[in-house]
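Working through the structure, step by step
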Amino acid sequence: PAGSRFRKRLAPGHRLFPSHRAAYLPPVMTTSSESSGRPGLLFLCVANSARSQIAEGWARALAPPGTPIFSAGSEPGTLNPHAVTVMGEVGLDISAHHSKGLDAIALEKIQTVVTLCSDEVCPTLPGSVERLHWPFPDPAGQGKTAAEELKAFRAARDAIGERLRDWLTERH
């Protein structure tokens, strides 16, 4: 099934959302008037190359089954290979992801938009959606060596994963 490549065994210390071990839970929703039948979750940043891709990978593994998960950027670049590497370290394969703009997203399916920008100006999404802002520093270019940059990507991966797990737990 779609997204099944994200349901691989996770590294020690990481856990899947309980719905993957128990009976199916409905997609993440707020109220019926807010959701309008749109259970989708969109992670949004500028380049859609690192943070939003990491968040999309985590969400595909942690969100209830059937939840539409997307990521996009206002100025899409290319998927950062360090994002692929660090997600692979926790058993999540995002190598098939690619950077995309909002024009590639079915916006009518979006209920919740999470912006992940920290120092840069975050893109916005017009319309009636729940908006969350989780400011995480961009790990790209953090460090003088590849090892230092990978350390920054691991920190971003872990922080985004923890925040997403907490948010999903709060919602259920």
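Scroll up for the structure.
Since the structure is predicted, the reported quantities are computational estimates derived from the model, not experimental observations.

Here the focus is the nonpolar core. With 29 residues, the main nonpolar core has Phe43, Ile54, Trp58, Trp134 and Leu164 as its most contacted residues. Counting residues per element, the ones that place at least two in this core are β1 (40-45), α2 (51-62), α3 (81-89) and α4 (146-171). Discounting chain neighbours no more than four positions away, the residues touching Ile54 are Ala83, Val86, Met87, Phe153, Arg157 and Ile160.

On inspection of all chains with the given rule, the structure shows eight salt bridges. Where Glu120 meets Arg51, a salt bridge forms, and the shortest distance between an N and an O atom there is 2.5 Å. Of this pair, Glu120 sits in the loop between β3 (110-115) and β4 (130-133) while Arg51 sits in helix α2, placing them 69 residues apart in sequence. The exposure class assigned to Arg51 is buried, which follows from its relative accessible area of 3%. As a salt-bridge pair, Glu89 and Arg157 come within 3.0 Å of each other at their nearest N and O atoms. Taken together, the residues span a long stretch of sequence, with Glu89 in helix α3 and Arg157 in helix α4 at a distance of 68 residues. The class for Glu89 is partly exposed, based on a relative accessible area of 36%. In the salt-bridge network here, residues are joined through shared partners; they are Glu89, Arg154, Arg157 and Asp158.

Of all six residues that make up β1, six are buried, and the element is covered over most of its length. Side-chain alternation along β1 places Gly40, Leu42 and Leu44 on one buried face and Leu41, Phe43 and Cys45 on a second face that is also buried. Alignment of β1 against β3, held across five bridges, turns out to be parallel. Bridging across to β3, Leu42 finds its partner in Val113.

This part takes up the sheet that holds β3. Pairing within the open sheet is parallel, and its four strands lie in the order β2-β1-β3-β4. Each of the sheet's edge strands pairs with one partner strand only, and the pair in question is β2 (69-73) and β4. Pairwise comparison of adjacent strand axes, ignoring direction, gives a mean angle of 20° for this sheet. As paired elements, β1 and β2 share five bridges and run parallel to each other. Across the sheet, Leu41 pairs through a bridge with Ile69, a residue of β2.

For an α-helix, 3.6 residues make a turn, and residues three or four places apart therefore share a direction. For α2, spanning twelve residues, the distance from its first C-alpha to its last is 16 Å, which sits close to the expected 16 Å at 1.5 Å a residue. Counting buried positions along α2 yields eleven of twelve residues, so the element is predominantly enclosed. Restricting attention to buried positions, one finds in α2 the residues Arg51, Ser52, Gln53, Ile54, Ala55, Glu56, Gly57, Trp58, Ala59, Ala61 and Leu62. Tucked into the core, α2 has its buried residues touching β1, β2, α3 and α4.

What counts, and at which threshold
Residues numbered from 1 in each chain as written. Predicted model: local features only at pLDDT ≥ 70, side-chain atom pairs only at ≥ 80, totals over all residues. Heavy atoms only, no water. Core = buried A, V, L, I, M, F, W, Y, C linked by side-chain atoms within 4.5 Å. Buried < 20%, exposed > 50% of the residue type's maximum accessible area, 1.4 Å probe, protein only. Helix = DSSP H or I, 4+ residues; strand = E, 2+ residues; numbered from the N terminus. Contact = heavy atoms within 4.5 Å. Salt bridge = Lys/Arg side-chain N within 4 Å of Asp/Glu carboxyl O. Pairing = 2+ DSSP bridges. Axes fitted to C-alpha atoms, helices over the stretch in contact; angles between N-to-C directions. Expected span 1.5 Å × (residues − 1).

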